[in-house]
Amino acid sequence: MVATATVERTASGVFGGVEPNAEWRDEVLRLAKERNAVILAHNYQLPEIQDIAHHTGDSLALSRIAAQSDAETIIFCGVHFMAETAKILAPRKTVLIPDERAGCSLADSITGAQLREWKAEHPGAVVVSYVNTTAEVKAETDICCTSSNAVDVVRSIPADREVLFCPDQFLGAHVKRETGRENLHIWAGECHVHAGINGPELAERAAANPDADLFIHPECGCATSALYLSGEGIVPAEKVKILSTGDMITAARSTKATKVLVATEVGMLHQLRKAAPEIDFRAVNDRASCTYMKMITPAALLRCVRDGLDEVHVDLETAKRAQGAVQRMIEIGQPGGGE
Ligand code: SF4
């Protein structure tokens, strides 16, 4: 009986002991209805979590839904900073994450204290933070950005103002190259999953699949290499598409290619294959799986919707300070523009 199933920690530490079958599905959806809850799932979630969610998307699209939803409770199947962002935008709603230990190595690469110190070294600088940051870092930020509007956000800042860009060094390098801005300082943070998708691997896969399009997330360690390869004519420039996860879905629907090499977390392949089943989507690196995202198991979701755990809290003062920066990102960013 799923309703009374004992959810246990497995040897690897995640919640297990529940099969994602039809009974599980019915029970999760029934309990969600009882709580007046909406289930949101990020594109990097396990396929069964993506399939049961009321909405699937990137972090920005899901934040917008959380802010506009009539539901009393938001169940955020993603990592902790994403659930925090939903709480910042919808402070009166109950926000739950099925496992609060689901962190993010990129968000962890800068703390509020480190950012305050950096700001003190550059008085008057404008702080631009990628959405993958904690609420505390967002509270110290002037403008939050997504991977698709980062260039426009930086361009909108007067040319004589210094800019501090954090936490992702690969996205920062992309913005610096696009804007040609010398007074842009970049924090040396990275996501261990995306950084692991490297240039030589991409070059090898591209050479073996000369007709394939390349969909590359700007956080990837290979994004810089992809631009270099296209600049050198090794890969035709029109084949290289630097895209946020949401924009990848849009591009999948319009590309003429029959094969696409995808450089981002492997969970993305599930939505791409659903969007364009006729295309052969292949991971540039099929080991690029985010263990934090995969902590949201069927058992964890059942525990969440059944027991109301784990609740996400952001103190009111921090939320108030972070809200302006997040709100600007929501207004400027295109739906589909987040991680
Ligand atoms: S894939 Fe990387 S950036 Fe995304 S949630 Fe996982 S650790 Fe964070």
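Residues numbered from 1 in each chain as written. Predicted model: local features only at pLDDT ≥ 70, side-chain atom pairs only at ≥ 80, totals over all residues.

Draft legend 1. Up close: the environment of S254. Assignment of secondary structure puts S254 in helix α12 (residues 245–254). Placed 22 residues apart in sequence, S254 and A276 show a C-alpha to C-alpha distance of 9.2 Å. (Helix = DSSP H or I, 4+ residues; strand = E, 2+ residues; numbered from the N terminus.)

Draft legend 2. Looking closely at the UniProt feature "binding site: iminosuccinate" (unreviewed entry) in the protein chain. Residues annotated by UniProt as "binding site: iminosuccinate" (unreviewed entry) correspond here to H42, S59, Y130, V131, N132, S147, H217, P218, E219 and T245. With respect to the helices, strands and loops of the structure, S59 is situated in helix α3 (residues 59–68). Inspection of the secondary structure puts Y130 in strand β7 (residues 126–130). A tally of 29 C-beta atoms within 10 Å means that Y130 is categorised as buried. Filtering out sequence-adjacent residues up to four positions away, Y130 remains in contact with C145, P167, D168 and L171. (UniProt positions renumbered as here; feature names shortened; annotations may be inferred. Buried ≥ 20, exposed ≤ 12 C-beta atoms within 10 Å, placed from the backbone. Contact = placed C-beta atoms within 7 Å.)

Draft legend 3. Structural detail: the pairing of strand β14 (residues 280–283). The pairing of strand β13 (residues 259–263) with β14 spans four bridges and is classified as parallel. Note that in β14 the partner of L261 across the bridge is R282. With helix α13 (residues 268–275) bridging β13 and the parallel β14, this β-α-β connection has right-handed handedness. (Pairing = 2+ DSSP bridges. Right-handed = clockwise from strand over helix to strand, strands pointing away.)

Draft legend 4. Up close: the sheet that holds strand β6 (residues 94–96). Read from one edge of the open sheet, four strands run β4-β3-β5-β6, paired in parallel fashion. Only two strands of the sheet have a single neighbouring strand rather than two, namely β4 (55–57) and β6. Sheet twist, expressed as the average angle between the axes of neighbouring strands with direction ignored, equals 20°. Here strand β3 (residues 37–42) pairs with strand β5 (residues 73–77) via five bridges, running parallel. Counted as the bridge partner of A41 is C77 from β5. (Axes fitted to C-alpha atoms, helices over the stretch in contact; angles between N-to-C directions.)

Draft legend 5. Region of the structure containing the sheet that holds strand β10 (residues 184–186). In spatial order, the strands read β8-β7-β9-β10; together these four strands make up an open sheet with parallel pairing. Edge strands, defined here as strands with exactly one partner in the open sheet, are β8 (143–145) and β10. If you compare each strand with its neighbour and ignore which way they point, the axes differ by 25° on average. Here strand β9 (residues 163–166) pairs with β10 via three bridges, running parallel. Bridge assignment links L164 to a residue of β10, and that residue is H185. Sitting on the sheet, helix α8 (residues 169–179) touches β7, β9 and β10, and the angle it makes with β10 is about 160°.

Draft legend 6. Up close: the packing of α3 against helix α4 (residues 80–89). Where α3 contacts α4, the two axes come as close as 9 Å, and the packing angle between them is 35°. Seen along the crossing, α3 lies across α4 with a hand that is right-handed. Here S59, L62, S63, A66 and A67 of α3 come into contact with α4, specifically with M82, T85, A86 and L89. Classifying every residue of the contact of α3 with α4 by side-chain character gives six nonpolar, three polar and no charged. (Left-handed = near helix turned anticlockwise from the far one by under 90°. Nonpolar A, V, L, I, M, F, W, Y, C, P; charged D, E, K, R; others polar.)

Draft legend 7. A look at the domain arrangement of the protein chain. What the domain assignment lists for the protein chain is domain 1 (2–102 + 292–314), domain 2 (107–192) and domain 3 (197–283). For domain 1 and domain 2, the distance between their C-alpha centres works out to 29 Å. Opposite the seven residues of domain 1 that make contact, domain 2 presents eight residues. Elements with a contribution of two residues or more to the side of domain 1 that touches domain 2: α3 and α4. A total of four residues in the side of domain 1 that touches domain 2 trace back to one element, the largest contributor, which is α4. Split by residue class, the side of domain 1 that touches domain 2 holds four nonpolar, two polar and one charged. (Domains from an automatic or database assignment.)

Draft legend 8. Structural context of the UniProt feature "binding site: [4Fe-4S] cluster" (unreviewed entry) in the protein chain. With numbering matched to this structure, UniProt assigns "binding site: [4Fe-4S] cluster" (unreviewed entry) to C104, C191 and C290. In terms of the greatest pairwise C-alpha distance, the residues named above, spread along 187 residues, form a tight cluster of at most 9.4 Å across. You can call C104 buried: it has 23 C-beta atoms within 10 Å. If sequence neighbours within four positions are ignored, C104 has contacts with V79, H80, F81, N132 and Y292. By secondary structure assignment, the location of C191 is in the loop between β10 and α9 (192–195). Ignoring any residue separated from it by four or fewer positions in sequence, one finds C191 in contact with S105, L106 and E219.

Draft legend 9. Representation of the environment of E162 in the model. For E162, the position within the fold is in the loop between α7 (150–155) and β9. Remark: the alpha-carbon pair of E162 and V127, spanning 35 residues in sequence, is separated by 8.8 Å. If near-sequence neighbours (up to four positions away) are discounted, E162 is found in contact with H122, G124, A125, N183 and H185.

Draft legend 10. Molecular detail of α4. Most of α4 sits inside the fold, with ten of its ten residues counted as buried. Of all the positions in α4, only H80, F81, M82, A83, E84, T85, A86, K87, I88 and L89 are classed as buried.

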